[in-house]
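Structural overview for review
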Amino acid sequence: MSKQEIVIEDIANKYENPIAELVRVACQFSSTIILADDAHRVNAKSIMGIMAFKPVGGKNVSIEATGEDEKAAVEAMTEFLLCKD
């Protein structure tokens, strides 16, 4: 398992449709990707799960991935949530 703790940047101002784009990034990988905070653990490939998770700027999250491309998955999710290109 690969894991990264981050504080989400203001993705709502960076991306046109941040929730759909976040799910699109996650779906590029075969690994299972979980976003977690103190109260929730959601599958990053689930648009409904991400909508309920509410990934807003300033939120502390853990990105966890398990699978053959887990490191690349965590890196891509981290870059997206930190608004890096």
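Keep in mind the model is a prediction, meaning the values are calculated, not measured.

Moving on, we get to the sheet that holds strand β2 (residues 32-36). Pairing is antiparallel in the open sheet, where four strands are placed in the order β1-β4-β2-β3. Bordering the open sheet on either side are β1 (2-7) and β3 (41-43), each of which pairs with just one other strand. Put simply, the sheet's adjacent strands are angled 25 degrees from each other on average, direction ignored. Sheet topology note: the β2/β3 ladder contains three bridges and is antiparallel. In the sheet register, Leu35 faces β3, and the bridge partner there is Val42.

Turning next to the packing of helix α2 (residues 18-26) against helix α4 (residues 70-81). Two numbers describe how α2 lies on α4: the axes approach to 9 Å, and their chain directions differ by 165 degrees. If you check the angle between α2 and α4, you find them roughly antiparallel. The interaxial crossing formed by α2 with α4 has right-handed handedness. Contacts from Pro18, Glu21, Leu22, Val25 and Ala26 in α2 reach Ala76, Met77, Phe80 and Leu81 in α4. Looking at the contact of α2 with α4 residue by residue, the class counts come to eight nonpolar, no polar and one charged.

Quick look at the pairing of strand β4 (residues 60-66) now. Among the seven residues that make up β4, five are buried, leaving the element largely enclosed by the rest of the structure. As paired strands, β1 and β4 are joined by six bridges and run antiparallel to one another. Residue Gln4 lies in a different strand from β4, and its bridge partner there is Ile63. Where β2 lies against β4, five bridges are found, and the strand directions are antiparallel. Looking at β4, one finds that Ile33 is bridged to Ala65.

Next up on the list: a nonpolar patch on the surface. On the surface, Ile47, Met48 and Met51 cluster together into a nonpolar patch covering about 310 Å² of accessible area. In this fold, Met51 is placed in helix α3 (residues 47-53).

Okay, the nonpolar core next. By size, the foremost hydrophobic cluster in this structure holds 24 residues, and its most contacted members are Ile33, Leu35, Ile63, Met77 and Leu81. For this core, the secondary structure elements donating two or more residues are α2, β2, α3, β4 and α4. At five residues, α4 tops the list of elements feeding residues into this core. When neighbours within four sequence positions are excluded, Ile63 is seen to be in contact with Ser2, Lys3, Gln4, Ile6, Ile33, Ile34, Leu35, Val74, Met77, Thr78 and Leu81.

Scoring rules and cut-offs
- Residues numbered from 1 in each chain as written.
- Predicted model: local features only at pLDDT ≥ 70, side-chain atom pairs only at ≥ 80, totals over all residues.
- Heavy atoms only, no water.
- Pairing = 2+ DSSP bridges.
- Helix = DSSP H or I, 4+ residues; strand = E, 2+ residues; numbered from the N terminus.
- Axes fitted to C-alpha atoms, helices over the stretch in contact; angles between N-to-C directions.
- Parallel < 35°, antiparallel > 145°, perpendicular 65-115°, else oblique.
- Left-handed = near helix turned anticlockwise from the far one by under 90°.
- Contact = heavy atoms within 4.5 Å.
- Nonpolar A, V, L, I, M, F, W, Y, C, P; charged D, E, K, R; others polar.
- Buried < 20%, exposed > 50% of the residue type's maximum accessible area, 1.4 Å probe, protein only.
- Patch = residues over 30% accessible without salt bridge, like charges linked within 9 Å, V, L, I, M, F, W, Y side chains within 5 Å.
- Areas by Shrake-Rupley, 256 points an atom, 1.4 Å probe, with all protein chains shown as cover.
- Salt bridge = Lys/Arg side-chain N within 4 Å of Asp/Glu carboxyl O.
- Core = buried A, V, L, I, M, F, W, Y, C linked by side-chain atoms within 4.5 Å.

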